[in-house]
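Examining the three-dimensional arrangement
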Amino acid sequence: MKRHASCTIWVILGLVLLTSCSPTTTPIPATATPLPTLTPTPQPLGHPENPLVIGFVVENPQTPEYQSAAQRLSTALTERAKLSVQIRLFETYTDLIASLEDGVVHAVFLPPLTYIYAHEKGLAEVELLANHFGVYFYGSMFLANAESNFTRYFDPVTNRSTAPAETALPQLAGTRPCWVDPTSIAGYLLPAALLKQIDIETLPAVIARTPSAVVRALYIKGICDFGATFAISGDPRTASTVLNDLPDAEQRVVILWQTEPIIPNLNVSFHPRVPAAARQAATSALMDAVSDADLNALISQLNQGYALQALKRVDDSVYNPLREILSALSPDLETLLGR
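Here's a quick rundown of the structure. (Residues numbered from 1 in each chain as written. Predicted model: local features only at pLDDT ≥ 70, side-chain atom pairs only at ≥ 80, totals over all residues. Heavy atoms only, no water.)

Neither face of strand 13 (residues 267–270) is exposed, since Asn267 and Ser269 on one face and Val268 and Phe270 on the opposite face are all buried. With four bridges connecting them, strand 3 (residues 107–110) and strand 13 associate as antiparallel partners. Opposite Phe109, over in strand 13, you have Val268 as the bridge partner. Where strand 4 (residues 125–131) meets strand 13, four bridges bridge the pair, whose relative direction is antiparallel. Residue pairing across strands places Leu129 opposite Asn267, the latter belonging to strand 13. (Buried < 20%, exposed > 50% of the residue type's maximum accessible area, 1.4 Å probe, protein only. Helix = DSSP H or I, 4+ residues; strand = E, 2+ residues; numbered from the N terminus. Pairing = 2+ DSSP bridges.)

Moving on: the packing of aromatic side chains. On inspection of all chains with the given rule, the structure shows six aromatic pairs. Between Trp179 and Tyr188 the ring centres are 5.6 Å apart and the planes differ by 70°, which places this aromatic pair in the edge-to-face class. Given the relative accessible area of 23%, Tyr188 is considered partly exposed. Measuring from centroid to centroid gives 5.9 Å for Trp179 and Phe226, while their planes differ by 85°, and the two rings are edge-to-face. Of this pair, Trp179 sits in strand 8 (residues 177–179) while Phe226 sits in strand 10 (residues 226–231), and the two are 47 residues apart along the sequence. The residues Trp179 and Phe226 share a single accessibility class, namely buried. Grouping aromatic residues by their ring pairs yields a cluster made of Phe142, Trp179, Tyr188, Phe226 and Trp257. The ring of Tyr219 carries Arg252 above its face, with NZ or CZ at 4.3 Å from the centroid. It is Lys312 that lies over the ring of Tyr136; its NZ or CZ is 4.4 Å from the centre. (Phe/Tyr/Trp six-rings, centres within 6.5 Å; stacked < 30°, edge-to-face > 60°. Lys NZ or Arg CZ within 6 Å of the ring centre and 35° of its normal.)

Our next topic: the sheet that holds strand 2 (residues 85–90). Taking strand neighbours across the sheet as the criterion, the six strands line up as 2-1-3-13-4-14 in an open arrangement whose pairing is mixed. Two strands lie at the open edges of the sheet, namely strand 2 and strand 14 (310–313), each paired on one side alone. Each strand of the sheet is rotated relative to its neighbour by a mean of 25°, with strand direction disregarded. Its contacts with the sheet place helix 2 (residues 64–81) against strand 1 (52–57) and strand 2, and it is angled at close to 150° to strand 2. Helix 11 (residues 293–302) rests against strand 1, strand 2 and strand 3 of the sheet, and its axis sits at about 60° to strand 1. (Axes fitted to C-alpha atoms, helices over the stretch in contact; angles between N-to-C directions. Contact = heavy atoms within 4.5 Å.)

All of the buried residues in helix 7 (residues 211–220) are Ser212, Val214, Val215, Ala217, Leu218 and Tyr219. Summarising the contacts, the buried residues of helix 7 are in contact with strand 5 (137–145), strand 8, strand 10, helix 8 (240–243), helix 9 (249–252) and strand 11 (253–258). One or two residues past the end of helix 7 sits Lys221, with phi positive at roughly 65°.

One pass over the full model with this rule turns up twelve salt bridges. Its salt-bridge partner being Lys221, residue Glu147 comes within 2.6 Å of it at the nearest N-O pair. One end of the pair, Glu147, is in the loop between strand 5 and strand 6 (154–155); the other, Lys221, is in the loop between helix 7 and strand 10, and 74 residues separate them in sequence. Classification of Glu147 as exposed rests on a relative accessible area of 55%. Linking Arg237 and Glu250 is a salt bridge whose minimum nitrogen-to-oxygen distance equals 4.0 Å. One end of the pair, Arg237, is in the loop between strand 10 and helix 8; the other, Glu250, is in helix 9, with 13 residues separating them in the sequence. The exposure class of Glu250 is partly exposed, given its relative accessible area of 37%. Taken together, the shared-partner salt bridges in this structure form one network comprising Glu125, Glu127, Arg279 and Arg313. (Salt bridge = Lys/Arg side-chain N within 4 Å of Asp/Glu carboxyl O.)

It is worth spelling out unusual backbone geometry at this point. Unusually for a residue other than glycine, Lys82 sits at a positive phi of about 60°. By secondary structure assignment, the location of Lys82 is in the loop between helix 2 and strand 2. Under the relative-accessibility criterion, Lys82 is labelled exposed at 70%. The backbone of Gln304 sits at a positive phi, close to 60°, despite the residue not being glycine. With respect to the helices and strands, Gln304 occurs in the loop between helix 11 and strand 14.

Take the side chain of His132 next. One can find His132 in the loop between strand 4 and strand 5. The class of His132 is buried, set by a relative accessible area of 13%. In this structure the side chain of His132 is engaged in a polar contact, spanning 2.8 Å, whose partner is the backbone oxygen of Ala307. With sequence-adjacent residues up to four places away left out, His132 is seen in contact with Asn265, Tyr306, Ala307 and Gln309. (Polar contact = N/O pair within 3.5 Å; in protein donor to acceptor, adjacent residues only side chain to side chain.)

What follows covers the environment of Ser330. Relative to the helices and strands, Ser330 resides in the segment after helix 12 (320–326). The class of Ser330 is exposed, set by a relative accessible area of 57%. Each C-alpha atom, one on Ser330 and one on Leu189, is 10.0 Å from the other, the two residues being 141 residues apart in sequence. Polar contacts involving the side chain of Ser330 include one to the main-chain carbonyl oxygen of Ser327, which spans 3.2 Å.

Below you can see the structure in the form of structure tokens.
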């Protein structure tokens, strides 16, 4: 009996020891199903959290005067458009176009060649065209000294050419031009493209740098045989910088021939993805602002002093005549941003 009890005790002790040495199993809780992530619905363009951004290019965007003008114009356009409008300033047109491409900017003021470039990239659709010095379009004119042997195909009374380019310009073959600048539309690109279009070759050109310098070179003779400058929006022969010391410049330097007004002025363009309602509201607000003297001054200031008398609605087709003639030169438009 004693032996049996002793065995029983040892068995019990062994079971206790085995139990105490066994690993403790912790129950694993069931994995919780993650809650769905809520994607916020973006606010419509023009909402205070998603303002419509209009871009301008200025030389020094951080200048207090520009910053103040931008803020004042933003407030005024927001009130008139009944949607949130923000003005953003850029130092270069390259930066402006990049922001347009990134969707950061929705509306822009663009000069003609910059617009054509942006439109070709699918980034801009023209909506408004500026009246500058009383006209919406300007052109080029070919000038020469009155004592030259060139025939004039221009009527100063009607301010129109009397013959087509194919008749008037062949006489310039083999002569030396004075161009304003290789990036000037009216002072080089358009007239040079016209000459190339009708297969007229000239001597190597003189780059005068300014329209007034072209007039002066032709006045004194011996530098170049003919020159080209802007026309219709003004006449460099009557500029005060010329008339102050060359009072008879208009008689000594004459117009041989003049293009039609096919160069559009500064425009207002929108990114194609801007909704029609926001585009319409911003367009109306800008047209209204230009008719207000104080706001017009702000818009001109942010366009580097470019004077706007009015804005009118146009479509892309107004650029076709310029596109057609410039195609003769096939210019690299990316190198002409700002023109």
